[in-house]
Amino acid sequence: QVQLGESGGGLVQAGGSLRLSCAASGRTFSSYAMGWFRQAPGKEREFVAAISWGGGTTFYADSVKGRFTISRDNAKNTLYLQMNSLKPEDRAVYFCAARTAAIGTLSDATEYDYWGQGTQVTVSS
């Protein structure tokens, strides 16, 4: 089992950058593939990015490709999301999640087993 906690959200102007962090408890962080999702007001939760357990494979939603970078430091039990060139439509609560399944659809939120509480990102125009 793993517990997750996000940080790094805040208010930023359009075109700016933020880096989100997700700290994981437990000694098995490196055995989980990880993902970032977001949920805007009145909308369903949507996939943002995912990374394999070793960090060698990453996957992005088309809406953030080229602007966001997912990474992880297994020695620090931490997942990151570097967000550049932020747009007002990136405003949402951002969640990190962990999955035990080695195969499946990385963008499918139902395949993730553990979730953080979320961190708010607001982008002003």
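Located above this text is the structure these notes cover.
Residues numbered from 1 in each chain as written. Predicted model: local features only at pLDDT ≥ 70, side-chain atom pairs only at ≥ 80, totals over all residues. Heavy atoms only, no water.

Asker: So what exactly am I meant to see when it comes to the pattern of salt bridges here?
Answerer: It is possible for side chains of opposite charge to pair when their charged atoms get near one another. Per the stated rule, a full pass over the model turns up five salt bridges. For Glu46, the salt bridge goes to Arg38, with nearest N and O atoms at 2.5 Å. Accessibility expressed as a relative area gives 34% for Glu46, which makes it partly exposed. (Salt bridge = Lys/Arg side-chain N within 4 Å of Asp/Glu carboxyl O. Buried < 20%, exposed > 50% of the residue type's maximum accessible area, 1.4 Å probe, protein only.)

Asker: Help me out: how do you make sense of the state of the cysteines in this one?
Answerer: Here, the word disulfide means a covalent bond between the sulfur atoms of two cysteines. All chains considered together, the criterion is met by one disulfide. The side chain of Cys22 participates in a disulfide bridge whose partner is Cys96; the two sulfur atoms lie 2.1 Å from each other. Measuring the twist about the S-S bond at about 60°, one finds the Cys22-Cys96 disulfide to be right-handed. Of this pair, Cys22 sits in strand 3 (residues 18-24) while Cys96 is found in strand 9 (residues 92-99), placing the two residues 74 residues apart along the sequence. Each member of the pair, Cys22 as well as Cys96, carries the same accessibility label: buried. (Disulfide = S-S within 2.5 Å. Helix = DSSP H or I, 4+ residues; strand = E, 2+ residues; numbered from the N terminus.)

Asker: Would you mind showing me how to read the sheet that holds strand 3 here?
Answerer: Hydrogen bonds between backbone groups are what pair the strands of a sheet, and the pairing can be parallel or antiparallel. Taken together, four strands build an open sheet; the order of strands is 1-3-8-7 and the sheet is antiparallel. Across the chains shown, the open sheet's two edge strands, defined by having one partner strand only, are strand 1 (4-7) and strand 7 (68-73). Shown here is a sheet whose adjacent strand axes are inclined to one another by a mean of 15°, direction ignored. Pairing between strand 7 and strand 8 (residues 78-83): six bridges, direction antiparallel. Along strand 8, the bridge assignment pairs Phe68 with Met83. (Pairing = 2+ DSSP bridges. Axes fitted to C-alpha atoms, helices over the stretch in contact; angles between N-to-C directions.)

Asker: I'm lost on the environment of Arg19 in this one. Help?
Answerer: Looking at the secondary structure, you find Arg19 in strand 3. Note: C-alpha distance between Arg19 and Met83 (64 residues apart in sequence) is 5.9 Å. With near-sequence residues (within four places) excluded, Arg19 lies in contact with Ser7, Gly8, Tyr80, Leu81 and Gln82. (Contact = heavy atoms within 4.5 Å.)

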